[in-house]
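Report on the structure
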Amino acid sequence: MPLNPHERKAIDFLLKHLLYGTFGGFLFGGLVLATDLGGIRTLAWASDNTVLYLILLFFGLFVTFGSVGMGVGIMSMGEDKN
């Protein structure tokens, strides 16, 4: 079933803001690992499951920052009535 133009526009809008948020999560995760904030990089590299640890870290950041990105996009659509 094809989407209507206004539905496609809404989905494109949300995906664009989701992409911005996930990029922010990736950047933040990279900075956390680069600076060894809280010893997270040290713990990850010392772990037997380093890949799993990093997947879970970045998945959580992607979900959180992606949701914030979409929320900011939606809330910025409002018009000031004054």
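See the structure above.
Heads up: these notes are all about the structure in this document. The structure presented is a predicted model; accordingly, all values stated were derived computationally and were not measured.

1. Describing the overall build of the chain
When its secondary structure is counted, the chain shows three helices and zero strands. Along its sequence from the N terminus, the chain presents helices and strands in the succession α-α-α. For 82 residues, the compact-globule formula gives about 12 Å, and the C-alpha radius of gyration of the chain, at 17 Å, lies well above that figure. Each of the 82 residues in the chain was classed as buried or not, and the buried ones make up 15%. At a minimum sequence separation of 6, the contacts of the chain that also span at least 24 residues come to 67%. Here the chain displays about 6400 Å² of accessible surface, and carbon together with sulfur accounts for 71% of that area. Here the chain holds 5 positive side-chain charges and 6 negative ones, and the gap between their average locations is 7 Å.

2. Re the side chain of His 17
Within the fold, His 17 resides in helix H1 (residues 5-35). Owing to a relative accessible area of 13%, His 17 belongs among the buried residues under this scheme.

3. Here's the deal with the packing of H1 against helix H3 (residues 50-75)
Where H1 meets H3, the closest approach of the two axes is 7 Å, and the angle between their N-to-C directions is 140 degrees. Of the possible angle classes, the one that applies to H1 and H3 is oblique. Here the hand of the crossing between H1 and H3 comes out right-handed. Broken down by class, the residue content of the contact of H1 with H3 amounts to 14 nonpolar, 10 polar and no charged.

4. Section: unusual backbone geometry
Excluding glycine, a negative phi dihedral is what most residues carry, and trans is how most peptide bonds are arranged. Phi at Asp 36 is positive, roughly 55 degrees, even though this residue is not glycine. By the secondary structure assignment, Asp 36 is in the loop between H1 and helix H2 (40-46).

5. Side note on H1
Taking 1.5 Å of rise per residue, the 31 residues of H1 would be expected to cover 45 Å, and the 45 Å separating its terminal C-alpha atoms lies within 8% of that figure. Along H1, the residues that are buried comprise His 17, Gly 21, Gly 25, Gly 29, Val 32 and Leu 33. Of the surrounding elements, those touching the buried residues of H1 are H2 and H3. Taken from the residues just after H1, Asp 36 is the one with a positive phi, measuring 55 degrees.

Procedures and definitions
Residues numbered from 1 in each chain as written. Predicted model: local features only at pLDDT ≥ 70, side-chain atom pairs only at ≥ 80, totals over all residues. Heavy atoms only, no water. Helix = DSSP H or I, 4+ residues; strand = E, 2+ residues; numbered from the N terminus. Rg over C-alpha atoms; globule rule 2.2 N^0.38 Å. Buried < 20%, exposed > 50% of the residue type's maximum accessible area, 1.4 Å probe, protein only. Contact = heavy atoms within 4.5 Å. Areas by Shrake-Rupley, 256 points an atom, 1.4 Å probe, with all protein chains shown as cover. Lys, Arg positive; Asp, Glu negative; His and termini not counted. Charge placed at Lys NZ, Arg CZ, Asp CG, Glu CD. Axes fitted to C-alpha atoms, helices over the stretch in contact; angles between N-to-C directions. Parallel < 35°, antiparallel > 145°, perpendicular 65-115°, else oblique. Left-handed = near helix turned anticlockwise from the far one by under 90°. Nonpolar A, V, L, I, M, F, W, Y, C, P; charged D, E, K, R; others polar. Expected span 1.5 Å × (residues − 1).

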